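Below are the chains, spelled out letter by letter.
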Amino acid sequence: MPVSTVTARASPDALLALASKEGRGRLKIFVGAAPGVGKTYAMLSAARSEIAGGRDVVAGLIETHGRRETEQMLEGLEVLPRSPIVYRNRVMREFDLDGALKRKPALLLVDEYAHTNVPGSRHPKRWQDIDELLAAGIDVWTTLNIQHLEGLNDLVLKISKIRVRETVPDKVFDRADEIVLVDLPPDELLKRLAEGKVYVQDTAARAVESFFKPQNLTALRELALRRAAERVDAALVERMQAQAIEGPWAAGERILACVGADAASPGVVRTAKRLADLMDAPWIAVTVERSGSNPDTAARKRTDDALKLAESLGAEIHTLTAADIPDELLRFARFENVTQLVIGRSRGGPLRHLTGRALPDRLMQRSTDIAIHLVPVQTNETAPRRTRSLIARLNASSPAHFLYASVAVAGAVIVGKLTNAFVPTTSLSVVFLMAVLFSAVKSGVGPAIFASVLSFLAYNFFFIAPLYTFTIAEPYELLALIMYLVVAVVAATLAGRLRDQARVSAARVRAMRRLYEFTRRLSGLATMDDIAEGAASETHASMGRPVVVLLPRADDLILTAAWPPDDSLDEAAMTAARWAHQHNEAAGFETGTLPIVPWRFLPVRTGEVGYGVIGVRYDKDAAPDPELQALLDTLTEQTAAALQRAALTRDMVSARTATETERVRNTLLASISHDFRTPLASILGSATSLSTYGDQMDEAARRDLLVNIREEAEGLDEMVRNLLSITRIESGALELRRDWVDLREIAARVIGTARRRGAQQSLELHWPEGIPLIEADATLIEQALGNLVGNAVTYTPPSAHIVIDAEADSAAVRLRVTDDGPGIAPEALPRIFERFARGTETAPSSDRGQGVGLGLAIARGIMEAHGGRIDAISPVQAGRGTRFVLSFKVKPQETQDT
């Protein structure tokens, strides 16, 4: 059989990884098993070769540790001066990141990749400094000891009994463009140590007693060799995938286990695991679903169990879909650079092996470069897989389907008799074939095959001589009847498969639609509780089972949402939910933890952050459907993403609120400290003068001081009332004592108050006839209008004119305060009613120099509490002036009286 000629395509992930490196510098890491193996020496030696080739090389930071050979390699090399940083009254000298960025050489040498910078540096770790250099397009060479890798930290502790504090994340190491392993046998390293070429003698002696033991160095050397080999192998696969190169290139072994619904799959998984352990190789478990197939629940469960077993043993899991299973397996194997393929021996019978239709035979025919291991089937089942599949299809159909098939064949007999009565024909087999196809489309493969056999017998009994017996007189009629049976069975199978494929496609479309609706609904919810409610109801609609969502509160999980609504879970269910949340594993029904609990709980997590659990209740004897379980896993992931978004939004709002609260507090304190100090100082000065020199003053002087005290106290009282008012407005505690009020009287009182307080501007009241009474709180309206007039007095020159007038129509009464002052700057107008908004020389706001910038904010709050509005217009005329408009809704007085 010819090998597939499908054109190999590059991996999108590999291409994206390469694209992300465009414009970045290249990172080369010189890796060693321990200090003293010669990493820095090897780096400097390679750098000298680059200099000889004309490359611009600069030493950003080199730690020689007093080693004479290393110091000699630095001679003639440009070295950047170090940056001084004061820490705990000491001057520390660190790598000068800004100086390196400014110098921007083609290649920069920076020693000790895992170094921790002195507090006060731009980045806490040197690898972060190097990452910034790479982003700037500078190539960097650096050094690293294998014990500084974060992923090996615990293992190094177990080997050396020393916890390494300075570590580098494995993902940073894996992003390196090139790894150079600097290797030195333990005996030679110990010899260098004894000769004082690594540390001074006293330090060397202590190092031999603690870290530099032969067994430690041997173990660390093996770790370095293995980790470097893994990185090289990963780099090879990345390059092959990016350039669409098909493997395998047997630079290192990679194992692929092919699993399915057959009984051999668990053995295949365990065999692949043993091979991977023996070869110390990575391994992958894969299953291939035939396009349009609809395996039964038991088959899907067997496949899922095999994949879960592989995942628990450390395999990488993949699920593929293809029409040609052998071709897809080999394509995937070459794409992943697999060298060993493990598959179960087929039990399809000798005929399938003889014709080469068994999967292992087809794989061996098409593959010439991948070793294939066949695992024998360890099972007591004696029926071939095809026979078991046929029996399963027959058992899966309900009796009604077989009844429909019988009716269809009976109908074909009647049609055939009627046709023969009027138009004798020998092509009645087509009529029976239509009955078979009807059964296939209506009921599936099992009833269609039943219809094929039944129509075979009916055709023989009713239409082939001798009639009404199963005897066949002529050999050619027997041959024709057998051919009909074969055609009927094949047609029934194909039509049934088409029906099953259509059902599978429709089911998948419905699942995708449900997933889309689920995601769309969650995206419109803002709070975590709302998302929990939405997730519970949508998951219940998709799964058809009771669903609960538990979110963490304080130190425990709380039942946040349930569908159908429920108020509580029993203690066993809560224990399973807590375990799933704490251990990031499924718990409850059909799991390894508390399987007797009827609820199955899945952790809702993104990365390392847990947001709660989702629980689905199952009946005692109902096994979870694998497809529904996969859908549940997807819904759980979408819920986790939505909860993460809500949590980030909440944190952002909290941070913004905290920032705004801090700003308001600082502004309030600054305003109060400034605006209260002036009147208090005036009151204190007047009171001191009266108490000290009162007997020596005449009556007029004493009266002036008393008036000053009263006016300053009134000003303080107004500021305190404003503060109390804004507090009540923002807390929703503002109470309105509504009554019918005359706005003209309020305006007159406000003008009188302004004049008594020393307003020098011309204050005028223009009141037209026919302004109706309004229903409002007279005290609050007077305060709002007083704030507007006070604002105008504050921000207009003494020669200005301030006019209060009104107008009314059937919808509203508008009270206006207009001045001819300098007006409000356009950029300040949108913020004029904000709290603590204060004016400038050209932009009046509320209470400049007096008050705390709350007057206009209070006026807006009072108007909104009355159901009205306040607007600011500037300029009013000839580029000058400001007008504030208070709009009140009109309500007929007789309606109120009624």
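Refer to the structure presented above.
Residues numbered from 1 in each chain as written. Predicted model: local features only at pLDDT ≥ 70, side-chain atom pairs only at ≥ 80, totals over all residues. Heavy atoms only, no water.

### Here's the deal with the overall build of the chain
- Scanning the chain for helices and strands turns up 29 helices and 24 strands.
- Across the 898 residues that make up the chain, the buried fraction comes to 42%.
- Counted over contacts in the chain with a minimum sequence separation of 6, partners at least 24 positions apart contribute 68%.
- Element-wise, carbon and sulfur atoms account for 55% of the exposed surface of the chain, whose accessible area totals about 47300 Å². (Helix = DSSP H or I, 4+ residues; strand = E, 2+ residues; numbered from the N terminus. Buried < 20%, exposed > 50% of the residue type's maximum accessible area, 1.4 Å probe, protein only. Contact = heavy atoms within 4.5 Å. Areas by Shrake-Rupley, 256 points an atom, 1.4 Å probe, with all protein chains shown as cover.)

### Observations regarding the sheet that holds strand S5 (residues 107–110)
- The strand order across the open sheet formed by 5 strands is S2-S5-S6-S1-S7, and the pairing between neighbours is parallel. Across the chains shown, the open sheet's two edge strands, defined by having one partner strand only, are strand S2 (57–61) and strand S7 (178–182). On average, adjacent strands in this sheet sit at an angle of 20° to one another, irrespective of strand direction.
- Relative to strand S6 (residues 139–145), strand S1 (residues 27–32) is paired through 6 bridges, and the arrangement is parallel. (Pairing = 2+ DSSP bridges. Axes fitted to C-alpha atoms, helices over the stretch in contact; angles between N-to-C directions.)

### Section: the pattern of salt bridges
- This model, assessed by the stated rule, comprises 34 salt bridges.
- Two residues, Lys273 and Asp277, come together in a salt bridge whose shortest N-O distance is 3.2 Å. Residue Lys273 and its partner Asp277 are both found in helix H11 (residues 265–279); the two are separated by 4 residues, about one turn of the helix.
- Overall, the relative accessible area of 23% leaves Lys273 in the partly exposed class.
- Residues Arg545 and Asp619 are paired through a salt bridge, measuring 3.9 Å at the closest nitrogen-oxygen approach. One end of the pair, Arg545, is in the loop between helix H21 (528–543) and strand S13 (547–553); the other, Asp619, is in the loop between strand S17 (609–617) and helix H23 (626–675), and 74 residues separate them in sequence. (Salt bridge = Lys/Arg side-chain N within 4 Å of Asp/Glu carboxyl O.)

### Things to note about the pairing of strand S21 (residues 801–808)
- As defined by bridge partners, strand S19 (residues 762–766) adjoins S21 across 5 bridges and the pair is classed as parallel. Its bridge partner being in S21, His766 is matched across the sheet by Asp805.
- As paired strands, S21 and strand S22 (residues 812–819) are joined by 7 bridges and run antiparallel to one another. Paired with Ala806 across the bridge in S22 is Leu815.
- Linking S21 back to S22 in an antiparallel pair, the connection comprises 3 residues.

### Brief notes about the environment of Val817
- With respect to the secondary-structure elements, Val817 resides in strand S22.
- Taking the C-alpha atoms as reference points, Val817 and Ala806, 11 residues apart in sequence, are found 8.8 Å from one another.
- Leave out the neighbours within four places in its chain, and Val817 touches Leu785, Leu788, Val789, Ile802, Val803, Ile804, Thr882, Arg883 and Phe884.

### Section: the sheet that holds strand S8 (residues 255–258)
- Reading across the sheet, the 5 strands line up as S10-S9-S8-S11-S12 and stay open at both edges, with parallel pairing between neighbours. Bordering the open sheet on either side are strand S10 (316–322) and strand S12 (371–375), each of which pairs with just one other strand. Each strand of the sheet is rotated relative to its neighbour by a mean of 25°, with strand direction disregarded.
- Pairing analysis gives 4 bridges linking S8 to strand S9 (residues 283–290), with the strands arranged parallel. Paired with Cys258 across the two strands is Val286, which belongs to S9.
- Where H11 meets the sheet, its contacts fall on S8, S9, strand S11 (340–344) and S12, and the angle it forms with S11 comes to roughly 155°.
- The sheet strands contacting helix H13 (residues 325–335) are S8, S9 and S10, and the helix crosses S9 at an angle near 150°.

### A look at helix H28 (residues 855–865)
- Among the 11 residues in H28, 8 count as buried, and that is most of the element.
- Buried residues of H28: Gly855, Leu856, Ala857, Ile858, Ala859, Gly861, Ile862 and Met863, and no others.
- Phi turns positive, to about 80°, at Gly867, one or two residues after H28.

### A look at the pairing of S6
- With 7 of 7 residues buried, S6 is to be regarded as a mostly interior element.
- Because side chains alternate across S6, one face comprises the buried residues Asp139, Trp141, Thr143 and Asn145, and the other comprises Val140, Thr142 and Leu144, equally buried.

### Observations concerning the nonpolar core
- In terms of nonpolar packing, the biggest core is built from 42 residues, with Leu743, Ile781, Leu785, Leu788, Leu815, Leu886 and Phe888 touching the most fellow members.
- Those elements giving two or more residues to this core turn out to be helix H26 (743–756), strand S20 (774–776), helix H27 (778–795), S21, S22, H28, strand S23 (869–873) and strand S24 (882–889).
- Residues in contact with Leu815, not counting those within four places in the same chain, are Trp767, Leu785, Ile804, Asp805, Ala806, Phe884, Val885, Leu886 and Phe888.
- Grouped together as the second largest cluster of nonpolar side chains are 35 residues, Ala33, Leu61, Leu144 and Val164 included. (Core = buried A, V, L, I, M, F, W, Y, C linked by side-chain atoms within 4.5 Å.)

### Looking at the packing of helix H18 (residues 429–443) against helix H20 (residues 475–523)
- Two elements in contact, H18 and H20, have axes whose closest approach is 8 Å; the angle formed by their N-to-C orientations is 25°. Judged on the interaxial angle alone, H20 and H18 are roughly parallel. The interaxial crossing formed by H18 with H20 has right-handed handedness. Within the contact between the two elements, H18 uses Ser429, Phe432, Leu433, Val436, Leu437, Ala440, Val441, Lys442 and Ser443 and H20 uses Tyr484, Val487, Ala488, Ala491, Ala492, Ala495, Gly496 and Arg499.
- A per-class count over the contact of H18 with H20 returns 12 nonpolar, 3 polar and 2 charged. (Parallel < 35°, antiparallel > 145°, perpendicular 65-115°, else oblique. Left-handed = near helix turned anticlockwise from the far one by under 90°. Nonpolar A, V, L, I, M, F, W, Y, C, P; charged D, E, K, R; others polar.)

### Here's the deal with helix H5 (residues 126–135)
- Those residues of H5 lying buried are Arg126, Trp127, Asp129, Ile130, Leu133 and Leu134. Down the axis of H5, the buried set is contained in an arc of 150°. They therefore lie on one face.
- Looking at the residues trailing H5, positive phi occurs at Gly137, about 90°. (Arc of directions from axis to C-beta.)

### Examining the packing of aromatic side chains
- All chains considered together, the criterion is met by 6 aromatic pairs.
- Both rings, one in Trp599 and one in Phe601, keep their centres 6.3 Å apart while their planes meet at 25°; by these two values the pair is stacked. Accessibility classification places Trp599 together with Phe601 in one group, the buried group. (Phe/Tyr/Trp six-rings, centres within 6.5 Å; stacked < 30°, edge-to-face > 60°.)

### Things to note about the environment of Ser542
- Along the chain, Ser542 falls in helix H21.
- A relative accessible area of 9% places Ser542 in the buried class.
- When the C-alpha atoms of Ser542 and Leu515 are compared, they prove to be 8.7 Å apart, with 27 residues separating the residues in sequence.

### Regarding the side chain of Ser452
- Mapping Ser452 onto the fold places it in helix H19 (residues 445–463).
- Apart from residues lying up to four places away in sequence, Ser452 is in contact with Val436, Leu485, Ala488, Val489 and Ala492.

### What about the packing of H26 against H27?
- The contact between H26 and H27 brings their axes to 9 Å, and the two run at 50°. As the angle between them shows, H26 and H27 are arranged oblique. Every pair of crossing elements has a handedness; the one defined by H26 and H27 is right-handed. Two secondary-structure elements touch here, H26 through Leu743, Ile746, Ala747, Arg749, Val750 and Ala754 and H27 through Ala778, Ile781, Glu782, Leu785, Gly786 and Val789.
- Of the residues belonging to the contact of H26 with H27, the class tally is 9 nonpolar, 1 polar and 2 charged.

### A closer look at unusual backbone geometry
- Cis geometry marks the peptide bond from Trp563 to Pro564, where omega comes out at 0°.
- Note on placement: Pro564 falls in the loop between strand S14 (556–563) and helix H22 (571–583).
- Between Ser874 and the following residue, Pro875, the backbone shows a cis peptide bond with an omega angle of 0°.
- Summarising the element assignment, Pro875 is placed in the loop between S23 and S24.
- For Glu112, which is not glycine, the phi dihedral falls at a positive 60°.

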